[in-house]
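Structure assessment
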Amino acid sequence: MSEADSGSGTGRGRKRQRGRPRADAAVDTKKRITRAAAAEFADRGYEAASLRSIARRAGVDPALVHHYFEDKADLFTTTVGAPIRPDRLLSVILAGPHEQIGEGLVRYLLGSLVDPTAQTRIVALLRTAIGHNPASGLLKEFLIREVMLRLASATTDENAELRANLAASQVAGLLMLRYVLRVEPLASAPIDEVAARVGPVIQWQLFGTALIRPDADTRPLDSEGLVGE
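Predicted, not measured: the structure shown is a model, and the values here were computed from it.

1. Observations regarding the packing of aromatic side chains
Per the counting criterion, the structure on display carries 5 aromatic pairs. Considering the side-chain rings of Phe41 and Tyr46, the 5.7 Å spacing of their centres and the 25° angle between planes classify their relative orientation as stacked. A ring pair is formed by Phe76 and Phe142, whose centres lie 4.8 Å apart and whose planes are at 20°; its orientation type is stacked. You can see Phe76 sitting in helix H4 (residues 72-80) and its partner Phe142 sitting in helix H8 (residues 134-152), a full 66 residues away along the chain. Put simply, the rings of Phe41, Tyr46, Phe76 and Phe142 touch in pairs and so form one group of aromatic residues. Here Lys72 stacks its cationic end above the ring of Tyr46, 4.6 Å away from the centre of that ring.

In structure tokens, the structure reads:
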């Protein structure tokens, strides 16, 4: 092998060696940020924690946190392993037709939880939320800031926050029965059927109006989640 070939081969080897650490370093940095975020959220709560304070705890520049995570909600949901971004879900739903917000919310949410892994994660979060531990307090703060207030902003009613709470209670109850307790026939009922039935209730809670689609099948469900005759 010539000296030139040897040098060229060495150069290529060095490039490959330099490439791998950069990828590994990126993974390590992201993990360090999420660990710091978990500690910061636990110490200061969701509302008081900031991306800057998390970056300081992780020993990185705040710009690097923004590089890996869109915002605090993104970092929080990643830290707790949430299968969905409820704030993004609401942004999509609230941007749609006003009269379809309730039904759209149910359909979009349940559609996001079809994957068994997503269901496992949402069950874990629901169990954490109703527990008596610091993590449940964090989830409460997050839900108030990123879900309740966004729902309340959708209506100008003087009882907007109460309406948002009532609508959220419908969603929480639906998730508990369908995924945690797995009560039949709700647990296996088709998403469209559940959306058509629960959506108008949420619509009523938020705005005092409900839309029953003319084509909505409201016949009783049997024990297997199928529409009865």
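2. Remarks on a nonpolar patch on the surface
A contiguous nonpolar surface patch, about 240 Å² in accessible area, is contributed by Leu177, Leu181 and Val183. With respect to the helices and strands, Leu181 occurs in the loop between helix H9 (160-180) and helix H10 (191-207).

3. Things to note about helix H6 (residues 101-112)
In a regular helix each residue adds 1.5 Å, so 12 residues correspond to 16 Å; H6 covers 16 Å between its end C-alpha atoms and thus fits that length. Considered for burial, the residues of H6 that qualify are Ile101, Gly102, Glu103, Gly104, Leu105, Val106, Leu109 and Leu110. For H6, the elements touching its buried residues are helix H5 (86-94), H9 and H10.

Reading the values: the criteria
Residues numbered from 1 in each chain as written. Predicted model: local features only at pLDDT ≥ 70, side-chain atom pairs only at ≥ 80, totals over all residues. Heavy atoms only, no water. Phe/Tyr/Trp six-rings, centres within 6.5 Å; stacked < 30°, edge-to-face > 60°. Helix = DSSP H or I, 4+ residues; strand = E, 2+ residues; numbered from the N terminus. Lys NZ or Arg CZ within 6 Å of the ring centre and 35° of its normal. Patch = residues over 30% accessible without salt bridge, like charges linked within 9 Å, V, L, I, M, F, W, Y side chains within 5 Å. Areas by Shrake-Rupley, 256 points an atom, 1.4 Å probe, with all protein chains shown as cover. Salt bridge = Lys/Arg side-chain N within 4 Å of Asp/Glu carboxyl O. Expected span 1.5 Å × (residues − 1). Buried < 20%, exposed > 50% of the residue type's maximum accessible area, 1.4 Å probe, protein only. Contact = heavy atoms within 4.5 Å.

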